[in-house]
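Residue-level listing of the chains:
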Amino acid sequence: MKLPIYLDYASTTPVDTSVYKKMLCYLKYSGIFGNPASKSHIYGWQAENAVEKSRRSIANLICADTREIIFTSGATESNNLAIKGIACLNKEKKIHIISGKTEHYSVLDTCYALQSKGIELSLLKPQKNGIILPQQLKKELRKNTVLVSLMHVNNETGIIQDIELFGKICRSSGILFHVDATQSIGKIAIDLRKIPVDLMSFNAHKIYGPKGIGVLFIRRRPPIYLKAQMHGGGQENSFRPGTLPVHQIVGMGEACRLIQKKMHEENKKIEKLRKILINGIQEKNKIIFNGDQENNVPHILNISFPGIDSRLILSSLKDLAISTGSACTSGDFHESHVLQSMGVSRLLSSNSIRISLGRFNSEEEIRFAVNHINNIIPNLN
Ligand SMILES: *Cc1c(COP(=O)(O)O)cnc(C)c1O
């Protein structure tokens, strides 16, 4: 069977070959398999060395200190730890949290869970182009606001938010700022020495590393305290206890090292592929872009084909692996909460698809995709 062309890199990416090769060395008896917390023998020391080397590669990618990197099981857990960890510190007081309507469900549902326990919640609604303006954030700040959590790049639209401005507003108001950077890491250079972000989540599997590993950056200067959500052996400064999965961590470290090296060149390639894709599709179809086309990453393209149902599009484009919006919601074709909150009509939203490009897409594949789309979609009308 000929597999469809993979155009769903925003939902997950394959592990890069060099990541895969590195990971294999950290599993077997003949490799390095020790528990990094074992301080009494070489098996543990070797494992700890590997973890710390990877921690450095990850910290380097965001210009952080290695002590600011806490390993988790992925971005979902990092988001939960950041938001609940801050909220739980302030249990006695009536506190207020600000987030956005276009956040990933791992942030949104965490906020809703806290709201059901009595925490005040405001969700910022973006402009029609998907962007949240700094003055919108300023207007929502209250005396009891303790945390603002906003994503850097949206996973459905690729829209980039100005986290530097948001961070400055929060810092000058003494409010903590958390960023879900899962879709921006490796696509946009992030220098946390310059950007006043206090907590930042991301994972490995969106940047050609393995699934099941992520980090939470927790700033040391000024120091951030948060309440652990699990209790156990004291690993990761007790912020997140549990035996460290060395092979996963080594995979994430290598993925970060690679993407830091490749980012510039890779972005140029993806930009070129996106242009070919858009120009090609527009030759035979009327499309509507969902979200600002200036402030976005080239990797994610969210478009509507007016009058054609997404389900029909996805089932007809048999040679392409694409989706509608986020992987978590595309199974049951609910209306996208992201497009809805941007004011996209219910109808146009039900005509939308997300095409996301990545490292292993070739120009040939994109030209094939354009032909396939142009052969099929005009006949669906
Ligand atoms: C994929 C994704 C997540 C969830 O990451 P996991 O590691 O799969 O839990 C969170 N936020 C954004 C923006 C994502 O794209």
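Reading guide: rules and limits
Residues numbered from 1 in each chain as written. Predicted model: local features only at pLDDT ≥ 70, side-chain atom pairs only at ≥ 80, totals over all residues. Heavy atoms only, no water. UniProt positions renumbered as here; feature names shortened; annotations may be inferred. Helix = DSSP H or I, 4+ residues; strand = E, 2+ residues; numbered from the N terminus. Rg over C-alpha atoms; globule rule 2.2 N^0.38 Å. Buried < 20%, exposed > 50% of the residue type's maximum accessible area, 1.4 Å probe, protein only. Contact = heavy atoms within 4.5 Å. Pairing = 2+ DSSP bridges. Axes fitted to C-alpha atoms, helices over the stretch in contact; angles between N-to-C directions.

The protein appears in an unreviewed UniProt entry as cysteine desulfurase. Entered under Sequence similarities (unreviewed entry) in the UniProt record, the comment concerning the protein runs "Belongs to the class-V pyridoxal-phosphate-dependent aminotransferase family. NifS/IscS subfamily." Among the UniProt annotations of the protein, the heading Catalytic activity (unreviewed entry) holds the following wording: "(sulfur carrier)-H + L-cysteine = (sulfur carrier)-SH + L-alanine".

(A) Broad picture of the overall build of the protein. Scanning the protein from terminus to terminus reveals 12 helices and 12 strands. Its C-alpha atoms give the protein a radius of gyration of 21 Å, near enough to 21 Å, the size a compact globule of 381 residues would have. For the C-alpha atoms alone, the extent of the protein along its principal axes is close to 65 × 55 × 35 Å. Taken over 381 residues, the protein has a buried fraction of 57%. Considering only contacts in the protein between residues 6 or more positions apart, those separated by 24 or more positions represent 74%.

(B) Spatial organisation of the sheet that holds strand 10 (residues 300–304). Read across the open sheet, the 3 strands follow the order 9-10-12; overall the sheet is antiparallel. Two strands bound the open sheet, and with one partner strand each, they are strand 9 (288–289) and strand 12 (352–356). As paired strands, strand 10 and strand 12 are joined by 5 bridges and run antiparallel to one another. Looking at strand 12, one finds that Ser304 is bridged to Ser352. Packed onto the sheet, helix 7 (residues 246–284) meets strand 9, strand 10 and strand 12 and runs at close to 15° relative to strand 10.

(C) Representation of the sheet that holds strand 5 (residues 145–151). Across the sheet, 7 strands lie side by side as 2-8-7-6-5-3-4; this open sheet has mixed pairing. Pairing within the sheet leaves two strands with one partner each, and these edge strands are strand 2 (69–72) and strand 4 (120–124). Averaged over neighbouring strand pairs, the angle between their axes works out to 20° when direction is ignored. As defined by bridge partners, strand 5 adjoins strand 6 (residues 176–180) across 5 bridges and the pair is classed as parallel. Bridging across to strand 6, Leu147 finds its partner in Leu176. Across the sheet, helix 2 (residues 42–61) is in contact with strand 2, strand 7 (199–203) and strand 8 (214–218); its angle to strand 2 comes to roughly 110°.

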